[in-house]
Amino acid sequence: DEFSRFARMPRPQPAKVDLERLLIEIQHLYEGLKAGVQIHSRIDPDAVTAWLDREQIKRALINLLDNAVEAIEAPGSVEISAHKRNGMLRIDVADTGPGIPPEAKEKLFLPYFSTKGRGTGLGLSIVHRIVADHHGTIRVTENRPHGTIFVIELPQA
């Protein structure tokens, strides 16, 4: 089922989106889901609205949050933040989990690659495709002192 959805994912239909409302909606999905894990969102005033496909970006962020929440041992947190700079919208999903081994970072967005014992290995491939279909980029960095940050950058022209 996951592969079928990946294979027939529609082209994005960008529209003006209340990004602040979207992030709050996503945050609420995870409240109380895992004891000791907090979800926060922070949005700069310049990023309250954005031009994107709401449902596709929501799916991408949910995939990132699912992975983050699963990886974190309590106490821990995930923060989604957004700001605009130089015509780009930047959305960060930062967690306080164990991080990603360096040898896995270059393979993260490949279909069927997974660091978990279960799952399809398509979650981050789907995220990558959604971001690419929006003419954006995604990368992963370290969240010091521990954890991971997924950085999404989308044009807002």
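For the structure, see preceding data.
This report concerns the structure included in the present document. None of the values given here were measured: they were computed from a predicted structure.

Turning next to the pattern of salt bridges. Taken as a whole and assessed by the stated rule, the structure comprises ten salt bridges. The partner of Arg90 in a salt bridge is Asp92, and the shortest N-O contact between them spans 2.8 Å. For Asp92, a relative accessible area of 12% puts it in the buried group. Each of Glu25, Arg54, Glu55 and Lys58 takes part in one network of salt bridges that share partners.

Read from one edge of the open sheet, five strands run β2-β4-β5-β7-β6, paired in mixed fashion. Taken across any chain shown, the strands that pair with only one partner, and hence form the sheet edges, are β2 (37-43) and β6 (137-142). Neighbouring strand axes in the sheet, compared pairwise and without regard to direction, differ in orientation by 15° on average. Its contacts with the sheet place helix α2 (residues 19-30) against β2, β4 (76-85) and β5 (88-95), and it is angled at close to 180° to β2. Helix α3 (residues 54-71) rests against β2, β4, β5, β6 and β7 (148-155) of the sheet, and its axis sits at about 20° to β5.

On to the pairing of β4. Both faces of the sheet carry side chains from a regular strand, because those side chains alternate between them. Sheet topology places β2 next to β4; seven bridges connect them, and they run parallel. Pairing of Ile39 across the sheet is with Val78, part of β4. As judged from the eight bridges shared by β4 and β5, these two strands associate in the antiparallel manner. Note on β5: the bridge partner recorded for Ala82 is Ile91. Where β4 hands over to β5, the hairpin turn is made up of two residues, of which Asn86 adopts a positive phi near 55°.

Omega for the bond connecting Ala74 with Pro75 falls within 30 degrees of zero, at -5°, which places this linkage in the cis form. When you line up the elements, Pro75 lands in the loop between α3 and β4. Here the residue pair Arg144 and Pro145 is connected by a cis peptide bond, since its omega of 15° sits within 30 degrees of zero. Phi angles above zero are rare outside glycine, and His135 is one such case at about 65°. Structurally, His135 is set in the loop between α5 (123-133) and β6.

Below, the discussion takes up the side chain of His83. Along the polypeptide, His83 turns up in strand β4. There is a polar contact of 3.1 Å between the side chain of His83 and the side chain of Arg85. Not counting residues within four places of it along the chain, the set of residues in contact with His83 comprises Asp44, Asp46, Ala47, Met88, Leu89 and Arg90.

Counting through the fold element by element, His134 comes out in the loop between α5 and β6. Its relative accessible area of 8% is what places His134 among the buried residues. When near neighbours in sequence (up to four residues on either side) are disregarded, His134 contacts Pro12, Leu52, Asp53, Gln56, Ile57, Leu154 and Pro155.

One can describe the packing of α3 onto α5 by two numbers: an axis separation of 9 Å at closest approach and a directional angle of 145°. Helix-helix and strand crossings are classified by hand; for α3 and α5 the assignment is left-handed. Here Gln56, Ile57, Arg59, Ala60, Asn63, Leu64 and Asn67 of α3 come into contact with α5, specifically with Gly123, Leu124, Ile126, Val127 and Ile130. When grouped by side-chain class, the residues that make up the contact of α3 with α5 number seven nonpolar, four polar and one charged.

The subject of this paragraph is the environment of Tyr30. With respect to the element layout, Tyr30 can be found in helix α2. Assessed through its relative accessible area of 6%, Tyr30 is described here as buried. Along the backbone, Tyr30 and Val69 are 39 residues apart, and their C-alpha atoms lie at a distance of 8.6 Å. Not counting the four nearest positions on each side in its chain, Tyr30 is found in contact with Ile39, Ile62, Leu65, Asp66 and Val69.

Calculation notes
Residues numbered from 1 in each chain as written. Predicted model: local features only at pLDDT ≥ 70, side-chain atom pairs only at ≥ 80, totals over all residues. Heavy atoms only, no water. Salt bridge = Lys/Arg side-chain N within 4 Å of Asp/Glu carboxyl O. Buried < 20%, exposed > 50% of the residue type's maximum accessible area, 1.4 Å probe, protein only. Pairing = 2+ DSSP bridges. Helix = DSSP H or I, 4+ residues; strand = E, 2+ residues; numbered from the N terminus. Axes fitted to C-alpha atoms, helices over the stretch in contact; angles between N-to-C directions. Contact = heavy atoms within 4.5 Å. Polar contact = N/O pair within 3.5 Å; in protein donor to acceptor, adjacent residues only side chain to side chain. Left-handed = near helix turned anticlockwise from the far one by under 90°. Nonpolar A, V, L, I, M, F, W, Y, C, P; charged D, E, K, R; others polar.

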